[in-house]
Structure formats: structure tokens, C-alpha cells
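Results of the structural survey
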Amino acid sequence: MSCNLLLKWITIFITVFWSCQTIGKNIGDGWGKITQEQAQFYKANDVSETTLKLTKKWYEIASAAWGNYGPTEFWLVGKSAEAAEDLNRKYCEVRKEKEPRLRLKDCLGRDYSFGDYVRDGGAGLNTRRGEHSDWSGFIITLSAKYPGPEEEDYRVVVLHEYFHIYQHAHIFSRKESERNSRNQVNPWWAEGGAEYMAQLLYSRQKGVRPGYLKEKMRQKLRSLKDLKKGESITEIPYGERAMIAYDLGTWFIAYLIDRTSEEAYLKGFYRDLNKEGFEGSFQKNFGLSSKAMLEAFHQSFLPLSEEEKLKILP
Ligand SMILES: [Zn+2]
């Protein structure tokens with residue numbers, strides 16, 4: 001064999017070897033695929049079995065409706081700061097087990113921990129999908145207030161947080177900038193979508209009063225008075241005025257679905273999002289640029305009377 005030929009074979013071998021490595025990596029990473037693996041649940045000592053059961057039930061409703069994505073963890077925080085601290089230690093042990101390179105003391109000293117949830121209430125999703133992390137997955141934290149598990153809104157919040165999982169499961173990139181551009185940095189799109197889909201799914205459950213969706217959506221219209229003249233909902237960041245973007249973003253998704261279809265939003269847009277990017281998938285599935293759709297929403301839809309607006313709801 002001549003030296004040249006040998007070199008050629010070596011090159012081919014290396015190319016094939018690297019391609020297999022890359023393909024193997026992608027196959028091994030089940031991101032965005034529906035999984036049989038159920039979410040894991042952890043709770044603070046002062047969280048009741050009833051709350052645990054309730055949360056599991058609404059997770060099951062959400063994953064049955066939108067698909068089961070994971071790996072997913074639920075962390076339930078109660079009212080006791082001490083119990084939250086114990087749960088925090090457990091949390092860091094679990095993190096260390098899944099990401100051995102992580103330093104325990106960094107986890108324990110992290111910015112927003114379960115103690116903060118005891119104080120502030122609320123709920124949140126932490127999507128782990130970093131360029132350098134060993135573990136990708138979803139971590140949902142639920143607290144005992146705003147809303148508490150005894151409130152109707154708690155069920156909707158479980159659905160809302162789970163819809164964020166659905167959104168993030170459809171973005172494969174580990175690069176923050178690529179993830180952000182697909183999910184949008186300001187809350188109008190992702191929060192509007194999570195909130196509308198959660199309210200819609202909840203309104204369809206057995207035993208939920210007719211008129212529930214209209215009642216909730218009517219409440220969200222109160223934010224309209226806080227939108228400045230000529231301001232677009234897309235300009236409002238997380239923070240002090242975020243509620244306006246949450247509320248009117250929810251209305252934007254309702255409007256978008258009315259002009260296109262639930263299928264186009266839920267299936268089409270998210271199916272194409274990873275490959276086509278936000279704007280590409282938007283135009284492909286909704287037939288207009290996001291700019292044109294937003295303009296129509298602000299200029300033609302929002303000025304309608306409350307009753308006219310409510311008519312677009314199912
Ligand atoms: Zn949210």
C-alpha cells in the first residue's frame with residue numbers, strides 16, 4: 001500500500017469514527033423525546049401526603065395532555081424554614097449524585113434556595129441544559145403560598161410549570177443564546193403560552209365550572225390599563241411590570257390560536273422551533289411574521305370591547 005493510500009484510509013477511518021461519536025452522543029441524549037420515566041418527587045417534612053398526591057395528580061394530567069418529558073424532579077417546599085433547609089441539603093446530595101463534578105458547597109450556597117420559597121412563595125422551573133453540565137433535566141419547585149396547595153390556582157400552577165417543560169424540551173441546544181432566542185428573553189411569549197395552555201387545560205377538566213376560562217381571562221384584562229400608549233408587550237422584561245406581559249401575553253396566545261389553531265401552536269410551532277428558530281417556525285406555522293401578528297394584536301384586537309375580546313375564547 002502506498003503512503004498516500006494509507007493516509008487516505010486513515011483519514012476515512014478518523015472521519016467515520018468521529019461521525020459515530022457525534023451521532024452516538026446525540027442518540028444517547030434523549031432531550032426532547034417522550035419518555036416513560038416518571039418524574040421524581042421530593043418534599044419537605046412539613047408538606048403533607050395530600051399535597052404530594054395532589055401535585056402528582058396534576059403532573060399526570062399535564063404529561064398525559066402534552067407528553068411526558070424528562071428527566072423531571074418536583075421539589076415541594078412547605079412553611080417551615082427548618083424543613084426547607086433539610087430539603088435543601090437533600091437537594092444538593094441529589095445534584096452531586098447526578099453531577100459529580102459539582103461542588104457541594106456551591107450548591108448549598110446558591111442564590112435562590114428553598115428558604116427563599118418559604119419566604120416569598122410562588123413556583124418555578126429550573127431547566128438544566130448547560131454546555132458543560134453532565135446532567136440535563138427539569139427541576140420544578142412548588143411552595144406553600146401564592147398559591148398554596150389548598151387554592152384552586154395551585155393546580156393551574158402545576159400545569160403552567162409543566163408547560164414550561166414542554167417548551168424547553170423542544171429546544172435542544174446547550175448554548176444559552178440559542179435557547180434564549182427560541183424561547184424569547186422577555187416573558188410575553190413563554191409565560192403567555194404557559195399560562196394560556198394551563199388555564200385552557202384546567203378549564204377542560206371534569207368538575208370545573210363552565211365560564212371558568214372567561215372569568216380568568218377577564219381578570220387578566222385588568223393589566224391593559226398599565227400598558228403604556230404605543231408600548232408592545234414584547235418590550236416588557238421580567239421584574240416589576242412583568243405581570244402586564246404575563247396577562248397580555250396570555251391574551252396574545254389566545255388571539256394567535258384563534259387566528260390559526262391550537263394544533264398549529266402546540267404541535268406545529270414547537271415541532272419546527274428547534275430547526276427553524278423562533279421567527280422561521282412562527283412564519284411557517286402561523287403564516288405571518290411575529291411583527292405583523294403582534295401589530296394586529298395591539299392595533300386591531302386590544303382596542304375591541306371586553307365582550308368582543310372574550311368572544312374568541314373557546
Ligand atoms: Zn412561568
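Quick caveat, the model's predicted, so the values are computed rather than measured.

Structural notes on the packing of aromatic side chains
Summed over all chains, the structure comprises 39 aromatic pairs. Centre to centre, the rings of Trp58 and Tyr202 are 5.5 Å apart; their planes meet at 45°, and the pair counts as tilted. One end of the pair, Trp58, is in helix H2 (residues 49-66); the other, Tyr202, is in helix H8 (residues 187-203), and 144 residues separate them in sequence. Arranged with centres 5.8 Å apart and planes meeting at 15°, the rings of Phe269 and Phe286 form a pair that is stacked. As far as the burial class goes, Phe269 and Phe286 line up, both buried. One Lys or Arg, Arg95, reaches over the ring of Trp135 and ends 4.8 Å from the middle of that ring. Above the ring of Phe114, the side-chain terminus of Arg110 is found at 5.4 Å from the ring centroid.

Quick word on the coordination of the zinc ion
Around the zinc ion, the protein contributes the donor atoms His160 (NE2), His164 (NE2) and Glu191 (OE), at 2.0 to 2.1 Å from the metal centre. Mapping the donors of the zinc ion onto the primary sequence gives the spacing H-x3-H-x26-E. Here His160, found in helix H6 (residues 152-169), pairs with Glu191, found in helix H8; they are 31 residues apart in sequence, far enough to count as distant. One exposure class covers both His160 and Glu191, and it is buried.

A word on the pattern of salt bridges
Applying the stated criterion across every chain, the model contains 25 salt bridges. In this structure, the salt-bridge partner of Arg101 is Asp134, at a minimum N-O distance of 2.5 Å. Linking Arg101 in the loop between helix H3 (81-98) and helix H4 (104-108) with Asp134 in the loop between strand S3 (123-128) and strand S4 (137-142), this pair joins segments that are 33 residues apart in sequence. Using a relative accessible area of 61% as the deciding quantity, one classes Arg101 as exposed. Arg119 serves as the salt-bridge partner of Asp116, at 3.3 Å between the closest nitrogen and oxygen. Here Asp116 and its partner Arg119 are both found in helix H5 (residues 114-120), 3 residues apart, which amounts to about one turn of the helix.

Things to note about the pairing of strand S1 (residues 40-43)
When S1 meets strand S2 (residues 72-76), the two strands line up parallel, connected through 4 bridges. Paired with Tyr42 across the bridge in S2 is Trp75. This β-α-β element, S1 to H2 to S2, shows left-handed connectivity.

Quick notes on the rules
- For every chain, the first residue of the written sequence is number 1, and numbering continues from 1 along that sequence.
- Confidence filtering applies because this is a predicted model: local features only for residues at pLDDT of at least 70, side-chain atom pairs given and counted only at 80 or more, and all residues used for totals across whole chains, interfaces and linings.
- For the side-chain quantities, the full set of heavy atoms in the structure was used; hydrogens and water were omitted.
- Two rings from Phe, Tyr or Trp (for Trp, the six-membered ring) form a pair when their centres sit within 6.5 Å of each other. Planes less than 30 degrees apart are called stacked, planes more than 60 degrees apart edge-to-face, and all others tilted.
- Helical segments are the DSSP runs of H or I of at least four residues, strand segments are the runs of E of at least two, and each set is numbered from the N terminus.
- Exposed residues in this analysis have more than 50% of their type's maximum accessible area, buried residues have under 20%, and partly exposed residues fall in between, with area computed by a 1.4 Å probe over protein chains only.
- A ring is scored as having a charge over it whenever the NZ atom of a lysine or the CZ atom of an arginine sits within 6 Å of its centre and within 35 degrees of its normal.
- Atoms of type N, O and S within 2.8 Å of a metal are treated as its donors, and for Na, K and Ca the window is 3.2 Å; water is not considered, so some sites may appear to be missing partners.
- Salt bridges are defined as contacts in which a side-chain nitrogen from Lys or Arg sits within 4 Å of a carboxyl oxygen from Asp or Glu.
- Pairing between strands is defined by DSSP: at least two bridges between them are needed.
- Note on handedness: a crossover is taken as right-handed if, strands pointing away from the viewer, the path from the first strand over the helix to the second is clockwise.

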